[in-house]
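Survey of secondary and tertiary structure
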Amino acid sequence: MSLNATPSGERKKIVFLGARNAGKSSLMNRMINQDLSVVSPVKGTTTDPVRKAMELLPAGPVVMIDTPGLDDEGDLGELRVRKALSASENADAAVFVLDGSGEDIGHQAELVAGLGQKGIPSFFAVTHSDVIRDKDSLRSSLKERAGESSVFFVSSVTGEGVEELKNAIGRALSSSDDESSLLSGLITQGDIAVLVIPIDKAAPKGRLILPQQQAIRSILDNKGVSIAVKETELESVLGILGRRVRMVITDSQIFRFVSAIVPDTIPLTSFSILMARYKGNLEEAVRGVAALKSFAGGERILISEGCTHHRQCGDIGTEKLPGWIRGFTGKDFIFEHTMGTEFPSDLSPYSLIIHCGGCMLTEHEMKTRYTKAGESSVPITNYGIAIAYLTGILERSLGLFPDVQALLDC
Ligand SMILES: Nc1nc2c(ncn2[C@@H]2O[C@H](COP(=O)(O)OP(=O)(O)OP(=O)(O)O)[C@@H](O)[C@H]2O)c(=O)[nH]1
Ligand SMILES: [Mg+2]
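First things first, this report covers the structure right here in the doc. Since the model is a prediction, treat every value here as computed from it, not as a measurement.

Observations concerning unusual backbone geometry
Most peptide bonds are trans, and most residues other than glycine sit at a negative phi. For His128, which is not glycine, the phi dihedral falls at a positive 65°. You can see His128 is positioned in the loop between strand E5 (122-127) and helix H4 (135-143). At Ser377, a residue that is not glycine, the phi angle is positive and equals roughly 55°.

Some remarks on the site of ligand 1
The local shell around ligand 1 holds 24 residues, among which Gly23, Ser25, Ser26, Thr46 and Gly69 are the closest. Looking at the shell around ligand 1 element by element, the count peaks at three residues for helix H1 (residues 24-32). When the residues that make up the shell around ligand 1 are grouped by side-chain class, the tally is six nonpolar, 14 polar and four charged.

Overview of helix H3 (residues 105-112)
When we look at burial in H3, the residues that qualify are Gln108, Ala109 and Val112. Buried residues of H3, viewed axially, fall in a sector of 100°; they line one side. Residues of H3 that are exposed and angled more than 90 degrees away from the buried face: Gly106 and His107. Check the buried side of H3 and you find it contacts strand E1 (12-18), strand E4 (93-99) and H4.

A short note on the packing of helix H10 (residues 282-289) against helix H13 (residues 383-390)
Relative orientation of the contacting elements H10 and H13 amounts to 40°, with a least axis distance of 10 Å. Put simply, H10 runs oblique to H13. The element H10 and its partner H13 pack so that their crossing is right-handed. Taken together, the residues of H13 that come into contact with H10 (itself represented by Ala285, Val286 and Val289) are Ile385, Ala386 and Tyr389.

Regarding the sheet that holds strand E9 (residues 245-250)
Hydrogen bonding along the main chain pairs the strands of a sheet, whether they run parallel or antiparallel. Across the sheet, four strands lie side by side as E8-E7-E9-E10; this open sheet has parallel pairing. Only two strands of the sheet have a single neighbouring strand rather than two, namely strand E8 (225-229) and strand E10 (268-270). Between one strand axis and the next, the sheet turns by 25° as a mean value, whatever way the strands run. Relative to E9, strand E7 (residues 192-196) runs parallel, the two being bridged by five bridges. Across the sheet, the residue bridging to Ala193 is Met247, located in E9.

A short note on the environment of Lys223
Residue position: Lys223 is located in the loop between helix H6 (210-221) and E8. Residue Lys223 is classed as exposed on the basis of its C-beta count, with 11 C-beta atoms lying within 10 Å. With 31 residues separating them in the primary sequence, Lys223 and Ile254 have C-alpha atoms 27 Å apart.

What counts as what
Residue positions within a chain follow its written sequence, with the count starting from 1. Whichever chain is written first becomes A and whichever ligand is written first becomes 1, with later ones labelled in order. Whole-chain, interface and lining totals are the exception, using all residues; otherwise, since this is a predicted model, local features are given only for residues with pLDDT of at least 70 and side-chain atom pairs are given and counted only at 80 or more. Helix and strand definitions follow DSSP, with helices as H or I runs of at least four residues and strands as E runs of at least two, each counted in order from the N terminus. To decide whether a residue is near a molecule or strand, its C-beta atom is placed from the backbone and checked for lying within 6 Å of it. All amino acids are sorted into three groups, where Ala, Val, Leu, Ile, Met, Phe, Trp, Tyr, Cys and Pro are nonpolar, Asp, Glu, Lys and Arg are charged, and the leftover types, Gly among them, are polar. Any residue with 12 or fewer other C-beta atoms within 10 Å of its own C-beta is exposed, any with 20 or more is buried, and the rest are partly exposed; the C-beta atoms used are placed from the backbone. Note: the arc covers the axis-to-C-beta directions of the helix. Here, residues touch in the contact sense if the C-beta positions derived from the backbone fall within 7 Å of one another. To get an axis, a line is fitted to the C-alpha atoms, and for a helix only the part in contact is used. The angle between two axes follows their N-to-C directions and goes from 0 to 180 degrees. Geometric relationships in this document are graded by angle, where less than 35 degrees denotes roughly parallel, more than 145 denotes roughly antiparallel, 65 to 115 denotes roughly perpendicular, and other angles denote oblique. By definition, turning the near helix anticlockwise from the far helix through less than a right angle yields a left-handed crossing, and turning it clockwise yields a right-handed one. Strand pairing is assigned whenever DSSP detects at least two bridges linking the two strands.

Listed below in structure tokens is the structure:
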């Protein structure tokens, strides 16, 4: 990812869903003004989700996702349908694409029934409007499933209705945007935040990682002062600034080292804890980590990362966390790992899920994963909270959030 690009986790996802040949790819191509997805009269042309990042005003950065048809058949077809459904699970808006020139609009609408009830803005795009004769009867047959305002007659040939649909999606996504950021409510004008950023061999060459960038940006947005140091410079900076420092934010992996340097009078937290709060799952993650206390040994623990990176020697997910857990509990466990968009559909074999901070996933995607864990009654936590817990400083690192800190006594 380039430094100027919007992180994928900050892009709202718009997914196009419908039967094969409904015109999903044609419509997405028309909306992005580009022949990106292959279009053909053959059913099942799109076999994998196709993504296109763009700016959609007034919502801002979005990613459009074309998907395979939901009525695909056979073993491969089933796999494709699963991919389309998984793209829809993580979407922030859904466009249900129906071929208005086909006889079976009711059946097509049936295919997407239920997918729109996830509390995300949904739109019915009736394609082929250039050849539809009786729009009124189609509109009334869709009325029961969709409000009048969310049905759009579009033509990917003439462009009819496409701008209107784009504007409606842009408006719906912008109104669901709450403008919050990593440090919202924690920093006010003039506050000094010291960020402790280790530059070790795990640090990417020549740049900062996303939670660090987002913290700096959020401090600037809130008119605060951000001072970034390596752990080796922390003591001298605190010596100069003293109690004028509003808070110290550190990388979780050097939590214990940093905690020994930062006086108790200065609140200390981590990028992971801020990220969990931002993504709306801090409380659950704090509750989830406590499960470790009750393990007998031999339990299955899933360690899941939202991004895909090259595994290094001493990798946090595959090596460090399992090592710390064994050390803390004195017991051994079965550790399993997933990366990127892959996440098990059946969570029942697991006794605990430890997820990364999820900076590459949207808030919606993270919430979906937390919801799935909750539905399967599997405790879930995140890397930073697990590390803080295993190193005995979770209570201190939650000092900025007394309500959540109180959960530790439960
Ligand atoms: N006249 C007309 N033809 C269209 C329109 N939209 C799509 N088509 C045609 O319908 C056929 C199917 O379009 P696609 O965009 O490939 O449909 P799809 O839903 O992506 O299909 P799969 O990838 O197979 O699931 C192609 O021959 C398109 O040219 C439209 O608005 N008007
Ligand atoms: Mg297609």
